[in-house]
Amino acid sequence: MRLKGEPVIPTTSEEHGVLTLSEEERAVRYSRLVSRIVRQFFLRGGDQDDLYQEGMIGLLKAIRTYDPARSDNFEAYASLCIRRQLYDTVRRDVRLTQR
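How each quantity is defined
- Residues numbered from 1 in each chain as written.
- Predicted model: local features only at pLDDT ≥ 70, side-chain atom pairs only at ≥ 80, totals over all residues.
- Heavy atoms only, no water.
- Helix = DSSP H or I, 4+ residues; strand = E, 2+ residues; numbered from the N terminus.
- Buried < 20%, exposed > 50% of the residue type's maximum accessible area, 1.4 Å probe, protein only.
- Contact = heavy atoms within 4.5 Å.
- Areas by Shrake-Rupley, 256 points an atom, 1.4 Å probe, with all protein chains shown as cover.
- Phe/Tyr/Trp six-rings, centres within 6.5 Å; stacked < 30°, edge-to-face > 60°.
- Lys NZ or Arg CZ within 6 Å of the ring centre and 35° of its normal.
- Axes fitted to C-alpha atoms, helices over the stretch in contact; angles between N-to-C directions.
- Parallel < 35°, antiparallel > 145°, perpendicular 65-115°, else oblique.
- Left-handed = near helix turned anticlockwise from the far one by under 90°.
- Nonpolar A, V, L, I, M, F, W, Y, C, P; charged D, E, K, R; others polar.

Peer 1: Outline the overall build of the protein chain, listing residues and values.
Peer 2: Of regular secondary structure, the protein chain possesses five helices and zero strands. Its helices and strands in sequence order give the protein chain the pattern α-α-α-α-α, from N to C terminus. When each of the 99 residues of the protein chain is scored for burial, the buried share is 27%. Partitioning the intrachain contacts of the protein chain with sequence separation of at least 6 by distance along the chain shows that 60% fall at a separation of at least 24. Just so you have it, the protein chain exposes about 7700 Å², and 52% of that area is on carbon and sulfur atoms.

As structure tokens, then:
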């Protein structure tokens, strides 16, 4: 039973878009992977903070869609998702600046 004024805690992460504790731990653990990949993209141009945020979005997508039954190496899967997110961002920015 919830007391009056007490915050509502979501039951599932998908239902409310909130990270569970294990997802948050994994995001912190692999944030260095995001930094390493962003450094490679930063050399091509762009704002490093924006690229880092986009890389973290890619990491969060990887954490939520990872299926250990299909692959046993999370780091390789996360790397692909991060790179895909960064490529899409750079491609979108190039289109916007060409118009």
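Peer 1: Please provide a residue-by-residue account of the packing of aromatic side chains, values included.
Peer 2: The full count for this structure, using the stated rule, is three aromatic pairs. The interplanar angle of 85 degrees and the centroid separation of 5.0 Å between the aromatic rings of Tyr-66 and Phe-74 together place this pair among those described as edge-to-face. Side by side, Tyr-66 and Phe-74 carry an identical accessibility label, which is buried. Through pairs of rings, three or more aromatic residues link up here, namely Tyr-30, Tyr-66, Phe-74 and Tyr-77. Over the face of the ring belonging to Phe-74 we find Arg-26, whose NZ or CZ atom lies 4.4 Å from the ring centre.

Peer 1: For the packing of helix H3 (residues 31-42) against helix H4 (residues 48-65), give the residues involved together with the corresponding values.
Peer 2: The geometry of H3 relative to H4 is characterised by a closest axis approach of 9 Å and an angle of 135 degrees between their N-to-C directions. Between H3 and H4, the interaxial angle falls into the category oblique. For H3 against H4, the interelement crossing comes out right-handed. Every residue of H4 that contacts H3 at Ser-31, Val-34, Ser-35, Val-38, Arg-39, Phe-41 and Phe-42 is listed here: Gln-48, Leu-51, Tyr-52, Gly-55, Met-56 and Leu-59. Tallied by class, residues from the contact of H3 with H4 come to eight nonpolar, four polar and one charged.

This is a description of form; function is not addressed.
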